[in-house]
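Structural characterization, general
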Amino acid sequence: MAGRINDDDVKAVRDAVPIDSVVSEYLQLRNAGGGNLKGLCPFHDEKSPSFQVSPGKGLFHCFGCQEGGDTIAFVMKIDHLSFSETVERLAAKAGITLRYEEGGYNPSHQRGERIRLIEAHQAAADFYVRALESPEAEIGRKFLAERGFDQDAATHFRVGYSPAGWDHLTRYLRGKGFSDKELITSGLSQDGRRGPIDRFRGRLMWPISDTAGEIVGFGARKLRDDDNGPKYLNTPETPIYKKSQVLYGIDLAKKDIAKASRAVVVEGYTDVMACHLAGVTTAIATCGTAFGNDHIKILRRLLMDNGSARVIFTFDGDSAGQKAALRAFEDDQKFAAETYIAIASDNMDPCDLRLAKGDDAVRDLVEPRTPLFEFALRQIVGRYDLETPAGRASALDEAAAVVAKIKTSSVQREVAVQLAGFVGILDQEFVVHRVAQLARWARDRGDKGGRGPGPQDRRGGTPQQPAQAPAASSGPALNLRSPAHRTERELLKLALQKPALVSPAFDAYGADEFTAPPYAAVRQCIAEAGGAERGLGDNREYLVAVMDAAPNNTVRSLVTELAVEVFMGRTIDETYAGMQLVHVRLRAVDRRINEVQGSLARLGSNVAPDDLAAAQNEVWVLQQYAQSLRAKGADAL
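Let me begin by describing the structure that accompanies this report. Please read these numbers as outputs of a predicted model, since none were measured by experiment.

What to know about the pattern of salt bridges
Close approach of charged atoms allows side chains with opposite charge to pair. Summed over all chains, the structure comprises 30 salt bridges. Between R147 and E146 there is a salt bridge; the shortest N-O distance is 3.8 Å. Judged by its relative accessible area of 24%, R147 is partly exposed. We classify E146 as partly exposed; its relative accessible area is 46%. Note that R262 and E367 form a salt bridge whose closest N and O atoms lie 3.8 Å from each other.

Looking at the sheet that holds strand β14 (residues 310-313)
Pairing between the strands of a sheet is mediated by backbone hydrogen bonds and can be parallel or antiparallel. Strand order across the open sheet formed by 5 strands is β13-β12-β14-β15-β16, with mixed pairing between neighbours. Each having just a single partner strand, β13 (283-285) and β16 (370-371) make up the two edges of the open sheet. Of the strands in this sheet, β12 (262-266) and β13 touch helix α10 (residues 250-260), which is tilted by about 130 degrees from β13.

Some details on the pairing of β12
By the criterion of burial, β12 is predominantly enclosed, with 5 of the 5 residues buried. Burial along β12 is two-sided: R262, V264 and V266 and A263 and V265, pointing in opposite directions, are all buried. Bridging between β12 and β13 involves 3 bridges; their strand directions are parallel. Looking at β13, one finds that V264 is bridged to A283. Assessed by its sense of winding, the connection that carries the chain from β12 through helix α11 (residues 269-277) to β13 is right-handed.

Some points on the sheet that holds strand β1 (residues 30-33)
Spatially, the 5 strands line up as an open sheet ordered β1-β2-β3-β4-β5, and their pairing is antiparallel. The open sheet terminates on both sides in strands that have one partner only, identified here as β1 and β5 (68-70). Pairs of neighbouring strands in the sheet enclose a mean axial angle of 25 degrees, with direction left out of account. Where strand β2 (residues 36-39) lies against strand β3 (residues 51-54), 3 bridges are found, and the strand directions are antiparallel. Bridging from a neighbouring strand, K38 pairs with Q52 of β3. Along the sheet, helix α3 (residues 71-79) contacts β3, β4 (59-62) and β5; its crossing angle with β5, the most-contacted strand, is approximately 120 degrees.

Details of unusual backbone geometry
With omega at 5 degrees, the peptide bond leading from S503 into P504 counts as cis. Note that P504 resides in the loop between α21 (499-502) and α22 (517-528). With a phi close to 55 degrees, R158 is a non-glycine residue in the positive phi region. You can see R158 is positioned in the loop between α7 (151-156) and β6 (160-162).

Focus on the environment of Q412
Note on placement: Q412 falls in helix α18 (residues 409-423). Placed 27 residues apart in sequence, Q412 and A439 show a C-alpha to C-alpha distance of 9.6 Å. Contacts of Q412, omitting those with residues within four sequence positions, involve V403, A404, I406, V435, A436 and A439. From its side chain, Q412 meets the backbone oxygen of A404 in a polar contact 3.4 Å long.

Digging into the layout of surface pockets
Unfilled space is identified by rolling a water-sized probe across the atoms. Quantified by volume, the second largest pocket comes out at close to 850 Å³. As for the second largest pocket, its lining consists of 33 residues, and the residues nearest its centre are I78, D79, H80, Q245 and R301. Among the elements of the structure, α3, α5 (113-131) and α12 (293-303) are those that each provide at least two residues to the lining of the second largest pocket. Considering each element in turn, the lining of the second largest pocket owes the most residues, 5 residues, to α12. Of the residues that constitute the lining of the second largest pocket, the class distribution is 15 nonpolar, 5 polar and 13 charged.

As for the packing of aromatic side chains
A full pass over the atoms with the stated rule returns 16 aromatic pairs. Each ring, one from F43 and one from F60, has its centre 6.2 Å from the other, and the planes form 50 degrees; the classification is tilted. Pair noted here: F43 is in the loop between β2 and β3 and F60 is in strand β4, with a separation of 17 residues, a long-range link. The class for F60 is buried, based on a relative accessible area of 4%. Above the ring of F143, the side-chain terminus of R147 is found at 3.5 Å from the ring centroid.

Quick notes on the packing of helix α17 (residues 389-403) against helix α26 (residues 609-632)
Their axes nearest at 8 Å, the elements α17 and α26 cross at an angle of 120 degrees. Of the two elements, α17 crosses α26, and the hand of that crossing is left-handed. Mapping the contact onto sequence places P389, A390, A393 and S394 in α17 and W620, V621, Q624, Y625 and S628 in α26.

Calculation criteria
Residues numbered from 1 in each chain as written. Predicted model: local features only at pLDDT ≥ 70, side-chain atom pairs only at ≥ 80, totals over all residues. Heavy atoms only, no water. Salt bridge = Lys/Arg side-chain N within 4 Å of Asp/Glu carboxyl O. Buried < 20%, exposed > 50% of the residue type's maximum accessible area, 1.4 Å probe, protein only. Pairing = 2+ DSSP bridges. Helix = DSSP H or I, 4+ residues; strand = E, 2+ residues; numbered from the N terminus. Contact = heavy atoms within 4.5 Å. Axes fitted to C-alpha atoms, helices over the stretch in contact; angles between N-to-C directions. Right-handed = clockwise from strand over helix to strand, strands pointing away. Polar contact = N/O pair within 3.5 Å; in protein donor to acceptor, adjacent residues only side chain to side chain. 1 Å grid on protein atoms, 1.4 Å probe; cavity = no way out; pocket = protein on both sides within 12 Å on 5 of 7 lines; lining within 4 Å. Points joined across faces, edges and corners; volume = space filled by probe spheres on them. Nonpolar A, V, L, I, M, F, W, Y, C, P; charged D, E, K, R; others polar. Phe/Tyr/Trp six-rings, centres within 6.5 Å; stacked < 30°, edge-to-face > 60°. Lys NZ or Arg CZ within 6 Å of the ring centre and 35° of its normal. Left-handed = near helix turned anticlockwise from the far one by under 90°.

The following block contains the structure:
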């Protein structure tokens, strides 16, 4: 067994690899004065840079979380490596051959797991690139050519091809000294009847690298009709590949993202290629998952959250693309950068756009067009009939909750004025007051978003209030089966057992429309699982997702209870479902009316004239909506 690494070699590695060059692979560094550099700490969330690097001393230190050390300590922490793994990786970068105290050269099979898995992926990428030149891969080369990508483009992005046989790559990597266990762990191979077989077969291959440029996975595109697999197949979750923590193209784009303070988020591998070849070298894409928190953290460290930073999303203009954009807007406030959405007039993605209209059209597409908040608000408002008071009230209620989440008060007011125009409400100050009121309620409750009885939120109806577990109370025990909560229970049972009867209306209901905290928690779980709309497909998968979203075993148990309990009614149809939907919504509206009127009664003559007018206007709008619900039932939702 190889022993510890020679101390002189460790020192040589530490001296040979500048700390600023290593740290710069993960975040943008700027001059901090005194020979130091600063950036946003990669080890904790922060809005202003407290992470400093001293190239002269070879050290880093964060004054926010107190993490610090040398180059080796930084790599160990950020990539979760052992000391020896880190030294070996840095030695390879510096071209240093390591010596070990026990004598001899460290055998490759004794090297750290991460390094071995990275080396396996590097070898696989080389194998796939060579395979793209084979006669069998003609179908792959044709696929690329039809999308405007020549051999130089394939070479630049290291696009390859996985042979259609069962174990071509597996046998190749075995010959390179990799064990079957390593091949299975890496996700490059999978168990077959007679041993490991290739996971990817007969597909076009894109290597997926981390921020440091190391290949950690692959994206594989189906080419043949007899391939029964999905259109795109990605590496499964492995010790080095977490799809929520990687961005395709980040290794190529990171320097330009940092330099230009601009990132373009597209939807696929070919879109990234098209953008880069068209001169938009800040383009990146997620790998088979929605753009989320971990992706934001990666970009924030590169953008440095300066006031001129821009993030442009180029989602398709179809309904799926619009939903993706609304999900992205949900996280918008986590950026200090301004966010925009760019959609081609004919709904073409960047790859098709480049093929049809050339590079200039792609460059023009990603010039900031519509602020993401404006797009989100128009999508929300567009779902309602603004010709009716009830429609305007509902549109305002949902959209105002979105605007209330804007943290900067001056921006919040400006957007609220714009919202009044979108909805068609002439009294702009009423809308401004409503938004401010929702924001104030949110702060008072201590959560991140607020709304009154208003059912909706920014993401097309998915509530944003955090699920709360049933809480102990000093008053009488909560009876979840009491008549006061019966309709809420029935509605949740419908959403879990028969989502087709209540979708899409149910997904526009907020957690605060359920007066029993345990029911509000279940409503939030459904939202986090993708809403009742997700249950229209595989109901079993949907219920598993709802249970997985439960914050604790108590809520999880209530989900399973509601998912199997029989209904109160005899005939469970659209009429029955509509009755439950209307009753829950009507109770929420009536509660809000009583709340506003009660506040006015308590204040008496002390209320300011403008506040009085705004409150009376709100009551009038809600009363009109309640009247419509009583007269038209589910048709008024």
